[in-house]
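Residue strings, one per chain:
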Amino acid sequence: VTEKSAIFIIFGGSGDLAHRKLYPSLFRLYKSGFLKDHFAVIGTARRPWSDDYFRETVITSLKDYFDDEEEVMKEFSKHFFYQSHDVNDSEHYIALKNLAAKLDDQFKAGHNRVYYMAIAPRFFGTVAEHINSEGLKTADGYNRLVIEKPFGRDLDSACELNGNISKAFPEDDIYRIDHYLGKKMVQDIPVIRAQNDKFEEALNNKYVSNIQVTLAESIGVEDRGGYYETAGVLRDMVQNHIMQIIGAIASIDPKAKDAKVIHKNKCDLFGSLKDLTPEQVDTNFVRGQYDTDNLDDEKAYRQEDNVAEDSNIETFTAGKIEFENDRWSGVPFYIRSGKRMPDKSSRIDIVFNDNVTDLGIKANTVVTLLIERTNDHSILINGIDYKESAQDFIKFPEEKDFVGAREAYESLIIDILSGNRVNFTLWDELRSTWTYIDAIRERWDSQTPDFPNYVSGTMGPDAAEMLLERNGDSWVWDD
Ligand code: BG6
């Protein structure tokens, strides 16, 4: 482990994301030695907190996740400082700059800066511009901008946001987060492909019948109704996480190591998404919204806090995505995501056709890659943990022990500190995925759905089953 040095400036430092994800991840990196003496964290937000109060909030959050001695947490929290901040006030950026410079001297942080946007997206552009115009960037260290999702809510707003941050930071210094790319199992997909020649040989339209990506959640929208009303599952999960998972399984050359090559391959894949006409949106995409459960224990979406009583926002979608390229033309990528489904389940099911017998594989074999680290096995072949299956199809590259695997955010922060952009999304990828999503959204917004249309705790509306049945297919994961 090589210790990293940087000053983190966290915009939105008093917020939920910072306390639930960032501070616990920084603490893990502290315990494992990636962060040690040469770092400091400046939390900024509007409210006027003292350093001591801020540190207490950090320690309180850590206690939810760790049972370390309070002394260790206290030592860690000595690296934390607070600066109250109004995103529109230039003076405040000068104060931040001076504090960062002072802490850099104190902790010998090598003039490196990580500017982390954990605030409401409407402020991303303003903050990035001020960082630049008020001269916060250092001349002799790195200056990296980290952007949380959502990156826009459609192509136009994403373009505008990108225009604003690009004026202030070169593309190479921008780290757009999709936390699924920090998950160990998602990172392992190209590795599995690269190390299993037969599997890779079979991953194309000659041998694959269809690929299914499911990101199911059992929770509802919880306290995020306000945000969710502006999003819906299409923007919240499909445009980003599902597309990136498809990128990992379907783009060419999994052996590529260079970030630029990997990104180009992904861009090419998304560039070959088959456009949807409005009529194809109707036939290829299904939307749903959860109702109460049969016992009336769970709220319907329309009863959640900060949700309109007549909301037409979807909490479930299933769809058929297609590509127009040599490798994948003709293979449906069925995708599905929803809140208040029976279980939390994140998985890719690859259904092979009977040509695979040419490769010595049983006809209609199904390979399932499980994305959750809570599972103690991560690959199933025909529903059986691959180790016990007789199939000589896939070998996992390393011990499948997920116990020690890093949390998504922990791994992404290491990448940011190391200047490794492989696991972040590039603008060109977003442009293609937003274009695709916008076509669906526009069609949906022109029609009134019959919501609510699925009972809480179920697999979504029946139309999601029919979508596949029409092609003679069926969902592999069917609770
Ligand atoms: C987030 C979405 O990006 O991903 C949430 O905004 C969703 O709505 C979450 O719950 C799921 O992430 P994970 O890591 O729990 O699968």
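Residues numbered from 1 in each chain as written. Predicted model: local features only at pLDDT ≥ 70, side-chain atom pairs only at ≥ 80, totals over all residues. Heavy atoms only, no water.

The next point concerns the UniProt feature "binding site: substrate" (unreviewed entry) in the chain. Residues annotated in UniProt with the feature "binding site: substrate" (unreviewed entry) correspond here to H179, K183, E217, D236, K339 and K344. When sequence neighbours within four positions are dropped, the list of residues in contact with E217 reads M237, G338, K339, R340, M341, D343 and K344. Of note is the side chain of E217, whose polar atom sits 2.9 Å from the side chain of K339. Following the sequence through the fold, D236 ends up in helix α10 (residues 233-250). A polar contact is formed between the side chain of D236 and the side chain of K149, at a distance of 2.9 Å. (UniProt positions renumbered as here; feature names shortened; annotations may be inferred. Contact = heavy atoms within 4.5 Å. Polar contact = N/O pair within 3.5 Å; in protein donor to acceptor, adjacent residues only side chain to side chain. Helix = DSSP H or I, 4+ residues; strand = E, 2+ residues; numbered from the N terminus.)

The next point concerns helix α14 (residues 427-445). Given a rise of 1.5 Å per residue, 19 residues ought to cover 27 Å, and the 25 Å separating the end C-alpha atoms of α14 matches this to within 8%. Looking only at α14, the buried set comprises W427, E429, L430, S432, T433, W434, Y436, I437, D438, I440, R441 and W444. (Expected span 1.5 Å × (residues − 1). Buried < 20%, exposed > 50% of the residue type's maximum accessible area, 1.4 Å probe, protein only.)

With that out of the way, let us pick up the side chain of T368. As for its placement among the helices and strands, T368 is situated in strand β13 (residues 366-370). When its relative accessible area of 2% is taken as the criterion, T368 is described as buried. For T368, the contacting residues outside a window of four places in its chain are R347, I348, D349, S378, I379 and L380.

Before going further, it helps to examine the confidence of the model for the chain. Confidence along the chain averages 94 in pLDDT terms, with 96% of residues attaining 70 or more. Reported for the predicted complex are a pTM of 0.95 and an ipTM of 0.99. (pLDDT = per-residue confidence, 0-100.)

The ligand sits among K149, H179, Y180, K183, E217, R224, D236, M237, H241, K339 and K344. Note that an oxygen atom of the ligand is positioned 2.8 Å from one of the side-chain N or O atoms of H179. Contacts to the ligand include H241, whose side-chain N or O atom sits 2.7 Å from an oxygen atom. Bound to the protein, the ligand loses 81% of the 400 Å² it would expose on its own. Along the lines of polarity and charge, the residues of the shell around the ligand split into 2 nonpolar, 2 polar and 7 charged. (Near = heavy atom within 4 Å. Areas by Shrake-Rupley, 256 points an atom, 1.4 Å probe, with all protein chains shown as cover. Nonpolar A, V, L, I, M, F, W, Y, C, P; charged D, E, K, R; others polar.)

Moving on, we get to the UniProt feature "active site" (unreviewed entry) in the chain. Here, UniProt's "active site" (unreviewed entry) annotation points to H241. With respect to the helices and strands, H241 occurs in helix α10. Since its relative accessible area comes to 1%, H241 is described here as buried. If we skip the residues at most four places from it in the chain, H241 touches K149, D178, H179, Y180, L215 and D236. For H241, the side chain forms a polar contact with the side chain of D178, separated by 2.7 Å.

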